[in-house]
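This is what each chain is made of:
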Amino acid sequence: MSFERFAVLLAMLACAACSRAPEGSAPEGHVHGATGAAAVSTERLLAADADRANWLTYGRTYDEQRFSPLALIDDQNVGDLQLAWYYDLDTAHRGQEGTPLVIDGVMYLTSAWSKVFALDAVTGKELWRFDPRPPGSVAIDVCCDVVNRGLAAWEGKLYFGTLDGRLIALDAGTGQPVWEVQTIDRAGRYSITGAPRIVKDKVIIGSSGAEYDVRGFISAYDARTGERVWRFYTVPGNPADGFENEAMAMAAETWSGAWWQLGGGGTVWDGISYDPELDLIYFGTGNGTPWSRKLRSPDGGDNLFIASILALRPDTGEYVWHYQTTPGDVWDYDATQQLMLADLTIDGRERKVLMQASKNGFFYVLDRATGELISAQNFVPTTWASGVDLTTGRPIEHPRARFDETGEPFEAAPGPQGAHTWQAMAFNPRTGLVYIPASESAFPFVHDAQFTASDLGFNAGIDFDAASLPQDDEIKRQVKASLRGHLAAWDPVAQREVWRVQHEQPWLGGVLATAGNLVFQGTATGELVAYRADDGTRLWSAPTQAGVVAPPITYEVDGRQYVALLVGWGGAFALAGGELALVNHTPRNHPRVLVFSLDGTAMLPDAPPPPSRTLAPPADTADARTVEEGKALYHRYCMVCHGDAA
């Protein structure tokens, strides 16, 4: 019997054994087949794919495919989908990026400002809420909104990270803290926005902050006690202090200068998966600090392990292999996007693969046992590189792409928001297609000649003022028209697009695929839409009264299937994009949980009219030089949160 089939059998036995819960052992609500709240064992996580009714971990299963075998809602009846219930979140004007968990009739979710909620998954009734109260001042250390993407569950506890770097375990039945640890050095400008994972009794979590002064790492904590088990740094520290392991000594050979004084970057802020058969954890790393390699590593080099995919042993954190998607990255091409595992037949041979639709515009298929590159193809237009050399695994760069070395501006596509970032993609093993929320954008990279390492601003080494949107109305119209996005159905074996749905805006919602031949996606313009998975036909939509960036999930309770998602416009592009992120007819931001079913009868309240944007700016009262200096200061310190050109 294979490991996977053995795990499924164990989980089935475990679920059968706990089908009768003792009275009073669970929070009020629909709790089915559990001995208590969030009764998620290791065996149950291993067999999550066979647990059709629940959504037990961030990507539903360890392989992060975000495919549900539920088919009570399908391409024949999805037109009957109606709102079943909604729940208002109390974090208005902030982005909602979270993936809820649904475990035995209870929904657990996180919202902006790292808040946690437990709701009855059938009625939406609040069971409890928990606010970790990160200080508001920590928002200055968060590059891309005060968001939180989710939590993990195991043995009656819920685990999540906070903006100020804490890892907290809550009692899933009461919402009360069980333990709390500080995972970061508060002297550095770290934060946590990503969802942890549970692997072999350990909580695996990283952090954000590579736009500031930090050194990236991923850590494992004992899920019962909160004690740290291991930590793996993603970039080397000061050689004078010695290296933590051989991997760091190897990585140091690819750096120059005194990179450690600037932090190095390479944070692990998303993208974690696990293969129980190979017993490997996979994760992606972010950009270097600062973005400009000329500043952080003056003599060049690949700067391992920034913009890389790595595999580690979960028991010890031991390095196994790496693949660097963007060597010596200077364009903010993080490799932290979702790492999806699948078994594919390629050239007549079954391969255990890892797939990523990377921020840099290329779709990668790797052998997940060895890290060998199998194939790579761009899924959006790319100007920084014309392709990937399959022999060396390295991108074929445009000769002028490295603006920090040439001293000349370079318009790179994709831009820093990426061709695909944290918004979840999904894989349907029945159609063989990966569904990607893709962005089409470009950005004029200009080196920052005024960079200082002690700067409290966005320490990217990029002149955002020089690259800001001109205020000429015709130029603004042209630039805005060039920014688009689409939902792509991608064949990972043939490395080609099968169908696409074009969107008018580049900042898109994540994706869910189901066995009902459906793909669900939210839009920036305030809709949840269902498409036929095999051909992309639009089948159904519902208003959300807010732009959507979070991915939907689906679950079943008492024989009824539900589709749920968080709505709330926000995140990197929504904040920093300024006028470019203003979508025509985008409704006001009403952050909510929306849940749909075939027999839903709920109605959203009427939405107020969108805010007026006709107010003229006040007249300048300063001379032209002062205005230009103020504009430059604004783009250095304020633009990331308040938008390009205010």
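**Thoughts on the overall build of the protein chain**
Link 1 in the chain: From N to C terminus, the protein chain includes nine helices and 39 strands.
Link 2 in the chain: Here the protein chain has a C-alpha radius of gyration of 23 Å; the compact-globule value for 646 residues is 26 Å, and the two agree.
Link 3 in the chain: The principal-axis extents of the C-alpha atoms in the protein chain amount to approximately 70 × 60 × 50 Å.
Link 4 in the chain: Counting across all 646 residues of the protein chain, residues that qualify as buried make up 62%.
Link 5 in the chain: Taking contacts inside the protein chain between residues at least 6 apart in sequence as the whole, the part at least 24 apart equals 62%.
Link 6 in the chain: Split by element, the accessible area of the protein chain, about 23700 Å² in all, is 51% carbon and sulfur.
Link 7 in the chain: Counting 51 positive and 80 negative side-chain charges, the protein chain places the averaged centre of each group 1 Å from the other.

**Quick look at the sheet that holds strand E31 (residues 484-491)**
Link 1 in the chain: Pairing is antiparallel across the open sheet formed by four strands, whose spatial order is E28-E29-E31-E32. The open sheet has two edge strands with one neighbour each: strand E28 (426-428) and strand E32 (496-503). When the angles between neighbouring strand axes are averaged without regard to direction, this sheet yields 25°.
Link 2 in the chain: Pairing analysis gives three bridges linking E28 to strand E29 (residues 433-440), with the strands arranged antiparallel. Bridging from a neighbouring strand, Asn428 pairs with Leu433 of E29.

**Some points on the environment of Gly559**
Link 1 in the chain: Structurally, Gly559 is set in the loop between strand E37 (553-557) and strand E38 (560-567).
Link 2 in the chain: Residue Gly559 is classed as exposed on the basis of its relative accessible area, which comes to 53%.
Link 3 in the chain: Sequence separation between Gly559 and Gly387 is 172 residues; the distance between their C-alpha atoms is 48 Å.

**Observations concerning empty space enclosed by the protein**
Link 1 in the chain: For the coordinates displayed, the defined rule picks out five cavities of 30 Å³ or more.
Link 2 in the chain: Reported here for the largest cavity is a volume of approximately 60 Å³.
Link 3 in the chain: For the largest cavity, the full set of lining residues is Ile192, Gly194, Ala195, Arg197, Ile205, Gly206, Val268, Trp269, Asp270, Gly271 and Ile272.
Link 4 in the chain: Split into classes, the residues belonging to the lining of the largest cavity amount to six nonpolar, three polar and two charged.

**Let's talk about the packing of aromatic side chains**
Link 1 in the chain: This model, assessed by the stated rule, comprises 31 aromatic pairs.
Link 2 in the chain: Judged by centre distance (5.7 Å) and plane angle (40°), the ring pair of Trp255 and Trp259 falls under tilted. Taken individually, Trp255 and Trp259 each receive the classification buried, so the pair is uniform in this respect.
Link 3 in the chain: Ring plane angle 55° and centroid distance 5.3 Å describe the contact between Tyr333 and Trp384, whose orientation is recorded as tilted.

**A word on the state of the cysteines**
Link 1 in the chain: Summed over all chains, the structure comprises one disulfide.
Link 2 in the chain: Shown here is the disulfide that connects Cys143 with Cys144, its sulfur atoms set 2.0 Å apart. The disulfide joining Cys143 to Cys144 has a torsion of about -90° about its S-S bond and is therefore left-handed.

**A word on the side chain of Gln337**
Link 1 in the chain: With respect to the helices, strands and loops of the structure, Gln337 is situated in the loop between strand E20 (319-324) and strand E21 (340-346).
Link 2 in the chain: From its side chain, Gln337 meets the backbone oxygen of Asp334 in a polar contact 3.2 Å long.

**Some details on the pairing of strand E5 (residues 116-120)**
Link 1 in the chain: When you tally the buried positions in E5, you get five out of five residues, the bulk of the element.
Link 2 in the chain: The side-chain alternation of E5 yields two buried faces, one formed by Val116, Ala118 and Asp120 and the other by Phe117 and Leu119.
Link 3 in the chain: Between strand E4 (residues 106-110) and the antiparallel strand that follows it, E5, lie five residues; Trp113 among them carries a positive phi value of about 65°.
Link 4 in the chain: In this structure, E5 lies alongside strand E6 (residues 126-130), joined through four bridges in antiparallel fashion. Its bridge partner being in E6, Ala118 is matched across the sheet by Trp128.
Link 5 in the chain: What sits between the antiparallel neighbours E5 and E6 is a turn of five residues, in which Gly124 has the positive phi angle 85°.

**Examining the environment of Asp299**
Link 1 in the chain: Tracing the backbone through its elements, the reader meets Asp299 in the loop between helix H4 (293-296) and strand E19 (308-312).
Link 2 in the chain: Taking relative accessible area as the criterion, Asp299 reaches 70% and is therefore assigned exposed.
Link 3 in the chain: Separated by 117 residues in sequence, Asp299 and Pro416 have C-alpha atoms that sit 24 Å apart.

**Quick word on the pairing of strand E22 (residues 349-357)**
Link 1 in the chain: Inspection of the sheet shows E21 paired to E22 by seven bridges, in the antiparallel sense. By the bridge assignment, Leu344 is partnered in E22 with Arg351.
Link 2 in the chain: Taken together, E21 and the strand that follows it, E22, pair antiparallel across an intervening segment of two residues, in which Asp347 is found at a positive phi of about 55°.
Link 3 in the chain: Bridge count between E22 and strand E23 (residues 362-367): five bridges; the pairing is antiparallel.

**Here's the deal with the nonpolar core**
Link 1 in the chain: Ranked by internal contacts, the top residues of the largest apolar core, which has 91 residues, are Met107, Tyr108, Phe232, Phe520, Tyr555 and Val593.
Link 2 in the chain: No other element matches E38, which puts six residues into this core.
Link 3 in the chain: Discounting chain neighbours no more than four positions away, the residues touching Phe520 are Val78, Leu81, Gly510, Val511, Leu512, Thr514, Leu528, Val529, Ala530, Trp540, Pro552 and Val563.

Here is what the cut-offs are and how they apply
Residues numbered from 1 in each chain as written. Predicted model: local features only at pLDDT ≥ 70, side-chain atom pairs only at ≥ 80, totals over all residues. Heavy atoms only, no water. Helix = DSSP H or I, 4+ residues; strand = E, 2+ residues; numbered from the N terminus. Rg over C-alpha atoms; globule rule 2.2 N^0.38 Å. Buried < 20%, exposed > 50% of the residue type's maximum accessible area, 1.4 Å probe, protein only. Contact = heavy atoms within 4.5 Å. Areas by Shrake-Rupley, 256 points an atom, 1.4 Å probe, with all protein chains shown as cover. Lys, Arg positive; Asp, Glu negative; His and termini not counted. Charge placed at Lys NZ, Arg CZ, Asp CG, Glu CD. Pairing = 2+ DSSP bridges. Axes fitted to C-alpha atoms, helices over the stretch in contact; angles between N-to-C directions. 1 Å grid on protein atoms, 1.4 Å probe; cavity = no way out; pocket = protein on both sides within 12 Å on 5 of 7 lines; lining within 4 Å. Points joined across faces, edges and corners; volume = space filled by probe spheres on them. Nonpolar A, V, L, I, M, F, W, Y, C, P; charged D, E, K, R; others polar. Phe/Tyr/Trp six-rings, centres within 6.5 Å; stacked < 30°, edge-to-face > 60°. Disulfide = S-S within 2.5 Å. Polar contact = N/O pair within 3.5 Å; in protein donor to acceptor, adjacent residues only side chain to side chain. Core = buried A, V, L, I, M, F, W, Y, C linked by side-chain atoms within 4.5 Å.

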